[in-house]
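Here are the chains, one letter per residue:
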Amino acid sequence: MPDGSPNPKYKWIGTRPDRPDGADKVTGRARFGADFNLPGQLIGKVLRSPHPHAIIKSIDTSKAEALAGVKAVVTAKDFPEQANLIVPTGEMQVNLRDITRNIMAREKALYEGHPVAAVAAVSEAIAKQALALIKVDYKVLPHVIDVADAMKPNAPVLHDGMITEGVNPPPTKASNIAKRVEFNKGDAKAGFAEAEIVIERDYSTQAVHQGYIEPHAALASAAEDGQVQVWSTTQGHFQVRGFCAKLLNLDTSQIRVTATEIGGGFGGKTVVYLEPLAIRLSQKTGKPVKMTMTREEVFRASGPAPGGNVKVRIGAKKDGRIVAAECTVEMQAGAFPGSPVGPACMCSYACYDIDNVHIVGFDVVSNRPKVAAYRAPGAPISAWAVESTLDILAQQLKMDPIDLRLKNAAKKGTKTAYGVTFNTIGMVETLEAAKSSEHYKSKPKPGYARGVAAGFWFNVGADSSAAAHVGEDGSVTVISGNPDIGGSRASLALMAAEELGVDYDKVRPVIADTASIGFNFVTGGSRVTFATGLAVVNSVRDLIRECKVRAAKIWNVDPEAVMWENGMAKPAGSNVGEFEPLTLAALAAQAGKTGGPINGHAQLNVTGAGPGFGVHVCDVKVDNDTGCVTVGRYTAAQDVGTAIHPSYVEGQLQGGAVQGIGWALNEEYIYNAKGKLDNPGFLDYRMPVASDLPMIETILVEVPNPTHPYGVRGVGEVPIIPPLAAVGNAVARATGVRMTDLPISPPRLSAALDAAAPKMAAD
Amino acid sequence: MSEIQYRVAKNVKDACAAMAAAKGKGYILAGGTDLLVQMKSGTREPGVIVDVKKIPEMVSIVEKNGAFTVGAATPAAVIGEHKKLKKTWPGVVEAINLIGSTQVQGRASAGGNLCNASPAADSVPAMVAAGVVANIAGPKGKRSVPVEKFCAGPGKTNLKTGEILVSLTFPKRGKDASDAYLRLIPRTEMDIAVVGCGVSLTMKGDTVKDARVSLGAVAPTVLLVDKAAKALIGSKLEDKALDAAAQACSDACTPIDDKRGTIRYRTKIAGVLLKRAALIARDRINGIEHRGHR
Ligand SMILES: Cc1cc2nc3c(=O)[nH]c(=O)nc-3n(C[C@H](O)[C@H](O)[C@H](O)COP(=O)(O)OP(=O)(O)OC[C@H]3O[C@@H](n4cnc5c(N)ncnc54)[C@H](O)[C@@H]3O)c2cc1C
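Residues numbered from 1 in each chain as written. Chains lettered and ligands numbered in written order. Predicted model: local features only at pLDDT ≥ 70, side-chain atom pairs only at ≥ 80, totals over all residues. Heavy atoms only, no water.

## Considerations on the packing of helix H11 (residues 379-397) of chain A against helix H12 (residues 401-408) of chain A
All names here are of chain A. Under the convention used in this document: Axes here refer to lines fitted to C-alpha atoms; in helices the fit is confined to the stretch in contact. Angles between the N-to-C directions go from 0 to 180 degrees. Every helix listed is a DSSP run of H or I at least four residues long, and every strand listed is a run of E at least two residues long, numbered separately from the N terminus. Working definition: roughly parallel below 35 degrees, roughly antiparallel above 145 degrees, roughly perpendicular at 65 to 115 degrees, and oblique for all remaining angles. Residues count as neighbours in contact if any of their non-hydrogen atoms are within 4.5 Å of one another. Note that Gly is not counted as nonpolar here; it falls among the polar residues with everything else outside the nonpolar set of Ala, Val, Leu, Ile, Met, Phe, Trp, Tyr, Cys and Pro and the charged set of Asp, Glu, Lys and Arg.
Closest axis-to-axis distance for the H11/H12 pair is 9 Å, and the angle between their directions is 110 degrees. If you check the angle between H11 and H12, you find them roughly perpendicular. Listed contacts from H12 to Glu387, Leu390, Asp391, Leu393 and Ala394 of H11 are Pro401, Leu404 and Arg405. Residues belonging to the contact of H11 with H12 are distributed by class as follows: five nonpolar, no polar and three charged.

Shown next as structure tokens:
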């Protein structure tokens, strides 16, 4: 039992009780995607293209279908064509016409690993045998992997009719550039003319995978009457329902999706891969069909985050005031349009109050798996470039890197390049917290050098529904519809307990399936504790309103004469009369006589998400002979609004920092000359392991979001943005060599150090 | 998918007979930390699996006249807890203890590491530098070969059908001798060596009397680098000798450019690790303790 909130305003908010799902997870009782099975189920497997780019001339499935134990085979023919229609998915946008092609290739295979057929059989072994019996006649086409290559005029074109959007007049020829975006504020040209120092650099990052521990898994059961049930590991079971309904021409009400416990998603589980295939196979066979991806399939065919090339130009006065800033972002979309180049552009300079900004972005397709969201999609890529350039500026001006950022920090009233004017934000407070931290005030240990970087993310609101039900004994169930990835059930229960004035243990938060609660947008955009939290608070307020009505009936007074305090109905004033307070248990006991079950509901489209800012401080040591980088100390400071459950807020900061450090140092998709991914496993796709890292220290800067009753801001995405440059800036200060291309892996850093050695010796 | 038979061999003869009968479809199961992973990924499809962990001589460590004979399937964790072996051959034991993580250590064996025949196997360069001998049994009897002659190429050993590796013998060692193994991995554990380097030294005073140098992950099999050893012998490990030995290591490399490292990088690191490992081995002779991996 927690000792009470550190915040005097609250009893529960700010405490750190055990999470409701904790015991099941540590005992192994919790059931994740692949743990669900049904009697009589078949196993589904996917045949994937071995080629990065090929026309599918024909597919012969007859031999596979004839194999004993094979119950069905599906190809693109089994899925209806879709309209050219953009729909939101998490923080990204997708085109239904593309989605149906991504789950099952139609005219062309567009990346190695692209599904071309799927089978359902009585065992996995037979399903695998059947895959080998499917004959696909491919016409192999030249492929293109790199974004810069894909933008060249003579590059192989992935989509024949693709004319670049956002260019006036529109180009007449198809290309791999899906879209151009542009953001302007002030007059960049005039700004640069005023500048006393201008710094310009080119940067790049590689595609990285979200690296969730749990591979994609789905179980689908289609009944004779057309009703479909799905169990899926997903960040949004309502999105699974919506996509599957569209892709299979079903009503959403015919599909009931249950989100299983989820072993990580980070944005990568906001799309569908297996679910529509499993449903279609189940429809064809009349049996439940279970599908799971191998790790290799996860790497080859599920959305990584894009890599990108970024050109940055920053102009400043000698006192450090930035007067003009430009950047150009070319971003991998994968095989279909829809990279997060928009947010990358919008976030690039959002930490700063700059009068003249010009930003251009390009969304570029190439023969890679279609990218998916990954924590603050796009933002780490532009921040890597901008925050590195600011470090160069600080070095050249001989300014403290935090002071340089303080001089230019965005504040309430700052207008961003993308047009929004900030309400109350915590950029300045976060910089100051980092600056006054024990870490920043102490010198790096001998051999270590220090880097600093900042990051910004919008956070989102969107649609949420919630319900609060009182049981016969007065205990409470809080029902919502967002898969819990980061401890959100605990936070929702804490807010409900606080609002209702009852103990945390008396509130059980559950996540309902799509047929048992109203619509909820995905768990993404750092929205659940904020937006679904607001829906829960409102459902509890609705419940309290109902409780007052019931108490009023019992006392025979007006509902307005009843107040709610400490979990009890009480007379609102002495003139109401003398009544013993009524607890939830007392109200529940008499509910049958006062109007039936006592429930509260809320449904909202939530706006007013408070943006978040992070400032990270990183100490590294570089082994000059090997190029190996050791992170010795790391602190993440962030304005987190109100930390409802501080442990899970800290966990978000630590997890994001670790993923960002991996992005900076070793993680990358490596393609060979044949356009095939060479490292589809955790041995060669190098995420950090525990022994690579120090304890990540956190500083929670609580600047409450004025639009939320408890001041909640999203916190999950910001922390992945600063680490790339925090690490890179520390490496630059440790070695004198500025790395502009990620990852800063030992071979790359060693080559850069060796190349710089003669020059540094001469200097 | 075809059926797999699982057999537990009671003694070495049993194991050899089972392997001979399997006609090339047999696989010895030691710790299984390579074999099971390979079966899962489909790169190995055994017909018969022969578990040797119930054969006492294959899971024990015996000392005789100063030499140690280590059962091929002895778990790495057991080897790491053998104080005397660790004191005598700190370099080999640290190499064996670098394999995987705590969990993997409970199962993984030096014999499995050698028989898997990866050029990047961690214990192998250390064993080659140490002059360890592999004891083999088969339908035609027993034979012994130096570890550096055991592998034929990536994933291939020189074992004939029905032959198994029974044990590894570490030669007798004086007080004036020690060894070290270093590997370069981009992470700190759970990774595969980009380059591995084993050095074994015998000193007379401050002069190197004898040396053996070995490199992993820079050629199709683990290399014994005589030229590097020669550069060290007779020296006091001064910079000139170390530079010459490092150059010999770099020259011996015939690596590939791949996802794990470039030719340039591997060639350079071979020399860097040689210098560091040689100094650690000398320190150990002088009673200075060392821990580390790069
Ligand atoms: C997570 C993880 C991390 C790893 N990290 C490392 C690492 O850091 N460094 C490293 O070098 N390796 C590493 N490995 C690989 C593996 O653990 C080692 O190669 C280990 O030494 C293999 O030993 P084993 O006893 O498990 O072999 P097994 O898997 O039992 O056998 C390996 C192969 O050798 C054959 N074999 C085994 N014993 C005999 C015998 N006595 N006679 C004939 N054939 C035999 C088997 O049939 C099989 O083909 C790692 C593996 C995993 C899963």
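There is more to say, and it comes next.
## A few points about the nonpolar core
Quick note on the threshold: Here the nonpolar core consists of buried residues drawn from Ala, Val, Leu, Ile, Met, Phe, Trp, Tyr and Cys, with membership extended through side-chain atoms lying within 4.5 Å. Burial classes: relative accessible area under 20% of the type maximum marks a residue as buried, over 50% as exposed, and values in between as partly exposed (1.4 Å probe, protein chains only).
Counting 100 residues, the largest nonpolar core has Val312, Tyr349, Leu393, Phe456, Trp663 and Val731 of chain A as the members making the most contacts within it. No other element matches H11 of chain A, which puts 11 residues into this core. In this structure, valine 312 of chain A is in contact with Ile199, Glu200, Arg201, Tyr203, Glu326, Cys327, Tyr349, Ala385, Val386 and Thr389 of chain A, ignoring residues within four places of it in sequence. Ala30, Ala72, Leu85 and Met127 of chain B belong to the second largest nonpolar core, which has 50 residues in total.

## As for helix H20 (residues 723-735) of chain A
Residues and elements named next belong to chain A. This is how it is decided: Take the number of residues in a helix, subtract one, and multiply by 1.5 Å to get its expected span.
Between its first and last C-alpha atoms H20 spans 18 Å; for 13 residues at 1.5 Å apiece the expected length is 18 Å, and the two agree. Burial analysis of H20 places 11 of its 13 residues in the buried class, the great majority of the element. What H20 keeps buried is the set Pro723, Leu724, Ala725, Ala726, Val727, Gly728, Asn729, Ala730, Val731, Ala732 and Thr735. Glycine 736, located one to two residues past H20, shows a positive phi value of around 80 degrees.

## Observations regarding empty space enclosed by the protein
Residues and elements named next belong to chain B. We count it as follows: Whether a set of points on the 1 Å grid over the protein atoms alone is a cavity depends on a 1.4 Å probe fitting there but being unable to get out, while an open set qualifies as a pocket with protein on both sides within 12 Å along at least five of seven lines; lining residues are those with an atom within 4 Å of a point. Grid points are joined across faces, edges and corners, and a volume is the space filled by probe spheres set on the points. Domain start and stop positions are those given by an automatic or database domain assignment.
Tallying each qualifying case throughout the model produces eight cavities of 30 Å³ or more. Contributing to the lining of the largest cavity are 13 residues, with Leu114, Val124, Cys151, Thr221 and Val222 lying nearest its centre. Of the residues contributing to the lining of the largest cavity, the split by class is nine nonpolar, three polar and one charged. Counting residues domain by domain, the lining of the largest cavity receives three or more from each of domain 1 (5-170) and domain 2 (177-285).

## Describing the site of the ligand
All names here are of chain B. Inclusion rule: For each residue, the test is whether any non-hydrogen atom lies within 4 Å of the molecule or strand; if one does, the residue is near. The definition of a polar contact used here is a pair of N or O atoms within 3.5 Å, where within protein one atom must be able to donate a hydrogen and the other to accept one, and adjacent residues in sequence count solely through side-chain atom pairs. For the area figures, the Shrake-Rupley method with a 1.4 Å probe applies, and any residue is considered shielded solely by the protein chains shown.
In the neighbourhood of the ligand, 31 residues make up the surrounding shell, with Ile28, Thr33, Asp34, Ser109 and Asp122 lying closest. Within the contact set of the ligand, an oxygen atom lies 2.8 Å away from a side-chain nitrogen or oxygen of asparagine 113. At a separation of 3.4 Å, an oxygen atom of the ligand approaches a polar backbone atom of aspartate 191. Contact with the protein chains covers 88% of the free accessible surface of the ligand, which is 980 Å².

## Digging into the domain arrangement of chain B
Residue and element names in this part refer to chain B. Put simply, the rule is: What counts as buried area is the accessible surface, traced by a 1.4 Å probe, that two parts surrender upon association, with contributions from both included. Salt bridges are defined as contacts in which a side-chain nitrogen from Lys or Arg sits within 4 Å of a carboxyl oxygen from Asp or Glu.
Each domain of chain B was delimited in the assignment, giving domain 1 (5-170) and domain 2 (177-285). When each unit is reduced to the centre of its C-alpha atoms, the spacing between domain 1 and domain 2 is 24 Å. On the domain 2 side, the residues contacting the 24 residues of domain 1 number 24 residues. Across the interface of domain 1 and domain 2, roughly 1900 Å² is buried in total on both sides, 59% from carbon and sulfur atoms. By the criterion of area lost to domain 2, the three top residues of domain 1 are Pro119, Pro125 and Ala129, representing 26% of everything that side buries. Taken together, domain 1 and domain 2 are joined by three salt bridges. The partner of arginine 284 in a salt bridge is glutamate 94, and the shortest N-O contact between them spans 3.0 Å. Where domain 1 packs against domain 2, one counts 12 residue pairs in polar contact (both at pLDDT 80 or more). Elements with a contribution of two residues or more to the side of domain 1 that touches domain 2: helix H5 (90-98), helix H8 (123-130) and strand S8 (151-153). Residue composition of the side of domain 1 that touches domain 2, by class: 16 nonpolar, five polar and three charged.

## Topic: the state of the cysteines
Note the cut-off: Disulfide: a pair of cysteine sulfur atoms within 2.5 Å of each other.
Throughout the structure, instances matching the rule amount to zero disulfides over all chains. Free cysteine cysteine 628 of chain A: the closest other cysteine sulfur is in cysteine 197 of chain B, separated by 15 Å. Here cysteine 628 of chain A falls in the buried class, since its relative accessible area comes to 1%.

## Some remarks on the confidence of the model for chain B
Which entries qualify depends on this criterion: You can read pLDDT as the predictor saying how much it trusts each residue, on a scale of 0 to 100.
Taken residue by residue, chain B gives an average pLDDT of 95. The fraction at 70 or more is 98%. This complex was scored by the predictor with a pTM of 0.96 and an ipTM of 0.93.

## A look at the sheet that holds strand S23 (residues 568-571) of chain A
All names here are of chain A. Put simply, the rule is: For two strands to count as paired, DSSP must find a minimum of two bridges between them.
If you walk across this open sheet you meet the three strands as S22-S23-S24, and the pairing is antiparallel. Single-partner strands in this sheet number two, and they are strand S22 (562-565) and strand S24 (582-583). Here S22 runs beside S23; their pairing, made up of four bridges, is antiparallel. Residue glutamate 565 lies in a different strand from S23, and its bridge partner there is methionine 568.

## Regarding unusual backbone geometry
With omega at -5 degrees, the peptide bond leading from asparagine 168 of chain A into proline 169 of chain A counts as cis. In the segment running from leucine 742 of chain A into proline 743 of chain A, the intervening peptide bond is cis, with an omega of -5 degrees. You can see proline 743 of chain A is positioned in the loop between H20 and helix H21 (746-762). In the Ramachandran plot, asparagine 65 of chain B falls in the positive-phi region, its phi being about 50 degrees despite a non-glycine side chain. Assignment of secondary structure puts asparagine 65 of chain B in the loop between strand S4 (61-64) and strand S5 (67-71). On the accessibility criterion, asparagine 65 of chain B (67% relative accessible area) is exposed.

## Brief notes about the layout of surface pockets
Empty pockets left among the atoms are what a rolling probe the size of a water molecule brings to light. Residue and element names in this part refer to chain B. Taken as a whole, the second largest pocket holds about 1400 Å³ of empty space. Within the residue set of the lining of the second largest pocket, elements represented by two or more residues are helix H3 (76-80), helix H4 (83-88), H5, helix H6 (102-105), strand S11 (177-184) and helix H11 (263-285). With five residues, H4 is the single largest residue contributor to the lining of the second largest pocket. In terms of residue class, the lining of the second largest pocket is made up of eight nonpolar, 16 polar and 15 charged. Taken together, domain 1 (5-170) and domain 2 (177-285) each give at least three residues to the lining of the second largest pocket, which thus spans both.

## Some points on the domain arrangement of chain A
The figure often quoted for interface size is the accessible area lost as the parts come together. All names here are of chain A. One can read the domain layout of chain A as domain 1 (426-450 + 612-762) and domain 2 (461-606). Contact residues are listed per partner, giving 14 residues for domain 1 and 16 residues for domain 2. The largest contributions to the domain 1 side of the interface with domain 2 come from Ile644, His708 and Tyr710, which together make up 40% of the buried area. For the interface between domain 1 and domain 2, the tally reads zero salt bridges. Where domain 1 packs against domain 2, one counts four residue pairs in polar contact (both at pLDDT 80 or more). The residue inventory of the side of domain 1 that touches domain 2, partitioned by class, reads six nonpolar, seven polar and one charged.

## Quick notes on the packing of aromatic side chains
Residues and elements named next belong to chain A. We apply this condition: Here is the rule: rings of Phe, Tyr and Trp (six-membered ring for Trp) pair when centre to centre is within 6.5 Å. Planes less than 30 degrees apart are stacked, more than 60 are edge-to-face, and the remainder are tilted.
Considering all chains together, one arrives at 18 aromatic pairs over all chains under this definition. Seen from their ring centres, tyrosine 203 and tryptophan 384 are 6.0 Å apart, and the 75 degrees between their planes marks the pair as edge-to-face. Pair noted here: tyrosine 203 is in strand S10 (residues 197-205) and tryptophan 384 is in helix H11, with a separation of 181 residues, a long-range link. Its relative accessible area of 0% is what places tryptophan 384 among the buried residues. Pairing tryptophan 555 with phenylalanine 579 gives two aromatic rings, centres 4.9 Å apart and planes at 15 degrees, and the pair type is stacked.

## Examining the sheet that holds strand S14 (residues 223-224) of chain B
All names here are of chain B. In spatial order, the strands read S11-S12-S13-S14; together these four strands make up an open sheet with antiparallel pairing. For this open sheet the edge positions go to S11 and S14, each flanked by a neighbour on one side alone. Here strand S12 (residues 195-204) pairs with strand S13 (residues 207-216) via nine bridges, running antiparallel. Along S13, the bridge assignment pairs valine 199 with valine 213. Sheet contacts for H8: S11, S12, S13 and S14; angle to S13, the most-contacted strand, approximately 150 degrees.

## Describing the interface of chain B and chain A
Every contact between the two is made by 20 residues of chain B and, on the other side, 27 residues of chain A. Across the chain B to chain A interface the summed buried area is about 2000 Å²; carbon plus sulfur atoms make up 48%. It is Arg187, Lys259 and Tyr265 of chain B that lose the most area in chain B upon contact with chain A, and together they represent 32% of the buried surface on that side. Arginine 264 of chain B is the salt-bridge partner of aspartate 754 of chain A, the closest N and O atoms lying 2.2 Å from each other. Between the two partners, chain B and chain A, sit 14 residue pairs in polar contact (both at pLDDT 80 or more). Ranked by residue count, the leading element in the side of chain B that touches chain A is H11 of chain B, at six residues. Here the side of chain B that touches chain A is built from residues that sort into nine nonpolar, two polar and nine charged.

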